[in-house]
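Structural overview
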Amino acid sequence: HVQLVESGGGLVQPGGSLRLSCAASGSIFSIYVMGWYRQAPGKQRELVADIRSGGSTNYADSVKGRFTISRDNAKNMVYLQMNSLKPEDTAVYSCNADMVRAGDLSRDWYWGQGTQVTVSS
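Here the structure is a predicted model, which means the values were calculated and not measured.

This paragraph deals with the overall build of the chain. Of regular secondary structure, the chain possesses zero helices and eleven strands. Each helix and strand of the chain, placed in order from N terminus to C terminus, yields the pattern β-β-β-β-β-β-β-β-β-β-β. With respect to the principal axes defined by its C-alpha atoms, the chain has extents near 50 × 25 × 25 Å. With 121 residues in all, the chain has 43% of them scored as buried. Counting contacts in the chain only where the partners sit at least 6 residues apart, residues at least 24 apart contribute 56% of the total. Put simply, the chain shows about 6,300 Å² of open surface, and 47% of that area lies on carbon and sulfur atoms. Averaging the coordinates of the 12 positive side-chain charges in the chain and doing the same for the 10 negative ones gives two points 3 Å apart.

Put into structure tokens, the structure is as follows:
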């Protein structure tokens, strides 16, 4: 059984910072891409940032210069450091990962349950 669990969401004032964490656990053989998506009420889910196993990253234009994605391959963790937060960053943030399961070596995309980030004064 493979799963992703996020933590670190909450309420923050505009201009503040939050750090999201996501832990992959279970029978994992390898992880390729890990990323963060978000979905605001009434809007489609959008990619925030992703990172490959080699470290290359990709960011949505709306978060470039404010958010930083990183990962710890030894711990199967991915992080999202969010600085200079704006009200429009309010959304449910979900972690996802392209993983290969140990045992049957099946490869699939997995999603966490999501964590709420609210930016408001």
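Don't stop here, the text continues.
A few words now on the pattern of salt bridges. Within the structure shown, the criterion is met by seven salt bridges. Between Asp98 and Arg107 there is a salt bridge whose closest N-O contact spans 2.7 Å. When salt bridges with common partners are traced through the structure, they connect Arg38, Glu46, Arg66 and Asp89 into a single cluster.

Next up on the list: the state of the cysteines. Summed over the entire model, instances satisfying the criterion amount to one disulfide. Here Cys22 is linked by a disulfide to Cys95, with a sulfur-sulfur distance of 2.1 Å. Across the disulfide from Cys22 to Cys95, rotation about the S-S bond amounts to roughly -75 degrees, and the bridge is consequently left-handed. Here Cys95 lies in strand E9 (residues 91–101) and Cys22 lies in strand E3 (residues 18–25), a separation of 73 residues in the sequence. Each member of the pair, Cys22 as well as Cys95, is classed as buried.

Quick look at the side chain of Arg66 now. By the element assignment, Arg66 lies in the loop between strand E6 (57–59) and strand E7 (67–72). Within the structure, Arg66 has its side chain in polar contact with the backbone oxygen of Ser62 (distance 2.9 Å). Looking at Arg66, its side chain comes within polar contact range of the main-chain oxygen of Ser84, at 3.0 Å.

This part covers the sheet that holds E7. Strand order in the open sheet formed by four strands is E1-E3-E8-E7, and the pairing between neighbours is antiparallel. In this open sheet, the two strands that pair with only one neighbour each are strand E1 (3–7) and E7. Strand after strand, the sheet turns through a mean of 15 degrees between neighbouring axes, direction not considered. Relative to strand E8 (residues 77–82), E7 runs antiparallel, the two being bridged by six bridges. Bridging across to E8, Arg71 finds its partner in Val78.

The next point concerns the packing of aromatic side chains. Considering all chains together, one arrives at one aromatic pair under this definition. Note that Arg45 overlies the ring of Tyr37, its terminal NZ or CZ placed 6.0 Å from the centroid. Positioned over the ring face of Trp111 is Arg45, at 3.9 Å from the centre of the ring.

Let us now look at the pairing of strand E5 (residues 46–51). Of the pairings in the sheet, the one linking strand E4 (residues 28–39) to E5 comprises five bridges and is antiparallel in character. If you follow Trp36 over to E5, its bridge partner there is Ala49. Counting the residues in the hairpin turn of E4 and E5 gives six residues, including Gly42, whose phi is positive at 80 degrees. In terms of strand pairing, E5 meets E6 through three bridges, oriented antiparallel. Considered in E6, the bridge of Asp50 is made with Asn58. Between E5 and E6, which pair antiparallel in sequence order, lie five residues; one of them, Gly55, sits at a positive phi of approximately 110 degrees.

Conventions and cut-offs
Residues numbered from 1 in each chain as written. Predicted model: local features only at pLDDT ≥ 70, side-chain atom pairs only at ≥ 80, totals over all residues. Heavy atoms only, no water. Helix = DSSP H or I, 4+ residues; strand = E, 2+ residues; numbered from the N terminus. Buried < 20%, exposed > 50% of the residue type's maximum accessible area, 1.4 Å probe, protein only. Contact = heavy atoms within 4.5 Å. Areas by Shrake-Rupley, 256 points an atom, 1.4 Å probe, with all protein chains shown as cover. Lys, Arg positive; Asp, Glu negative; His and termini not counted. Charge placed at Lys NZ, Arg CZ, Asp CG, Glu CD. Salt bridge = Lys/Arg side-chain N within 4 Å of Asp/Glu carboxyl O. Disulfide = S-S within 2.5 Å. Polar contact = N/O pair within 3.5 Å; in protein donor to acceptor, adjacent residues only side chain to side chain. Pairing = 2+ DSSP bridges. Axes fitted to C-alpha atoms, helices over the stretch in contact; angles between N-to-C directions. Phe/Tyr/Trp six-rings, centres within 6.5 Å; stacked < 30°, edge-to-face > 60°. Lys NZ or Arg CZ within 6 Å of the ring centre and 35° of its normal.

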